[in-house]
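An overview of the molecular structure
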Amino acid sequence: MSSRKDFVLEELFKAMQRAEGWYVGSHSWRLRNPLNLRKSPFAKYHVGNFVGFWTYEQGKKAALWDINQKLAKSTYAPIFREKGVLATLNDLVWTWTPPSDNGPKGEEIAQEYLRKVLWDMNLVGIKCNADSTFAELFKEPNQELKILAVLYRIPMIKQNVIVGLLGSAAQYLNNTFAGNVLVSIREMVLPDFVEPKK
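Description of the structure in this document. All figures in this text were calculated on a predicted structure; none of them were measured in a lab.

**Here's the deal with the overall build of the protein chain**
Of regular secondary structure, the protein chain possesses 10 helices and 2 strands. N-terminal to C-terminal, the α/β element order of the protein chain is α-α-β-β-α-α-α-α-α-α-α-α. Within the span of the protein chain, comprising 198 residues, buried residues form 33% of the whole. Restricting the contact set of the protein chain to residue pairs at least 6 apart, pairs at least 24 apart contribute 46%. Carbon and sulfur atoms make up 59% of the accessible area of the protein chain, which totals about 12300 Å².

Take a look at the structure:
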């Protein structure tokens, strides 16, 4: 079973890959370097300012290793040497795609990159903003949020059916017991949260 940290890093990787403009036929695709790393101890070759790998999986592992090194304060990036997991998503993006790399529109490009990463992360249920620290992102959500994350991954039609069935069951139990027993969807899904009887 993977940890919350593994889940967040995997989704962050996917979001950054999209923000980097990776697609079949792109420069990063040809180099099997999904996050456009400029240097890596795992690089197999160099093309211009970028490194290349023999396989996509090698490029992905190198990128995740690089992010983990930053979070462990084992990096040349000053903000991460200082903050580690207390660094924010904004810190990561501005380190990964510094405005100085992209000329006069560098800040605009970095802001757009950050917007794409935040959009994708929130889309998969990782609630975050530019100021979210990695320590916050890696914190295990409570059980109720885990259920919501599972429901989020179910297609909307099925979600409506599930919620409808749970709501109907709760209504039936309330009607059957003439309102003497409080039953909610939350209690049915998460029995350890049932309120004690008074």
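**Examining the packing of helix α1 (residues 4-19) against helix α6 (residues 106-123)**
Direction vectors running N to C along α1 and α6 enclose 140°, while the axes themselves pass 9 Å from each other. Taken together, the axis directions place α1 and α6 in an arrangement best described as oblique. Two packed elements cross with a definite hand, and for α1 against α6 that hand is right-handed. For the pair α1 and α6, the contacting residues are Val-8, Glu-11, Leu-12, Ala-15, Met-16, Arg-18 and Ala-19 in the first and Tyr-113, Lys-116, Val-117, Asp-120 and Met-121 in the second.

**Remarks on helix α3 (residues 56-71)**
Residues separated by three or four positions in an α-helix point in the same direction, a consequence of the helix having 3.6 residues per turn. Its 16 residues place the ends of α3 23 Å apart at the C-alpha level, agreeing with the 22 Å of an ideal helix rising 1.5 Å per residue. Turning to α3, its buried residues are Gly-59, Lys-60, Ala-62, Ala-63, Leu-64, Asp-66, Ile-67, Lys-70 and Leu-71. The inward-facing, buried residues of α3 contact α1, α4 (78-83), α5 (89-96) and α7 (134-138). Positive backbone phi, approximately 65°, marks Lys-73, located one or two places after α3.

**Regarding the packing of aromatic side chains**
Within this structure, the stated rule accounts for 5 aromatic pairs. Where Phe-42 meets Trp-65, the ring centres are 5.1 Å apart and the plane angle is 90°; that geometry is what we call edge-to-face. Taken as a pair, Phe-42 in the loop between α2 (27-30) and β1 (45-47) and Trp-65 in helix α3 lie far apart in primary sequence, 23 residues in all. On the accessibility criterion, Phe-42 (38% relative accessible area) is partly exposed. Taking 5.9 Å as the distance between ring centres and 50° as the angle between the ring planes, the aromatic pair formed by Phe-134 and Phe-138 counts as tilted. Taken together, the residues Phe-134 and Phe-138, both in helix α7 and 4 residues apart, mark about one turn of the helix. You can call Phe-134 buried: its relative accessible area is 0%. Given the relative accessible area of 15%, Phe-138 is considered buried. Taken together, the ring pairs in this structure connect Phe-13, Trp-22 and Tyr-56 into an aromatic cluster.

The rules behind each value
- Residues numbered from 1 in each chain as written.
- Predicted model: local features only at pLDDT ≥ 70, side-chain atom pairs only at ≥ 80, totals over all residues.
- Heavy atoms only, no water.
- Helix = DSSP H or I, 4+ residues; strand = E, 2+ residues; numbered from the N terminus.
- Buried < 20%, exposed > 50% of the residue type's maximum accessible area, 1.4 Å probe, protein only.
- Contact = heavy atoms within 4.5 Å.
- Areas by Shrake-Rupley, 256 points an atom, 1.4 Å probe, with all protein chains shown as cover.
- Axes fitted to C-alpha atoms, helices over the stretch in contact; angles between N-to-C directions.
- Parallel < 35°, antiparallel > 145°, perpendicular 65-115°, else oblique.
- Left-handed = near helix turned anticlockwise from the far one by under 90°.
- Expected span 1.5 Å × (residues − 1).
- Phe/Tyr/Trp six-rings, centres within 6.5 Å; stacked < 30°, edge-to-face > 60°.

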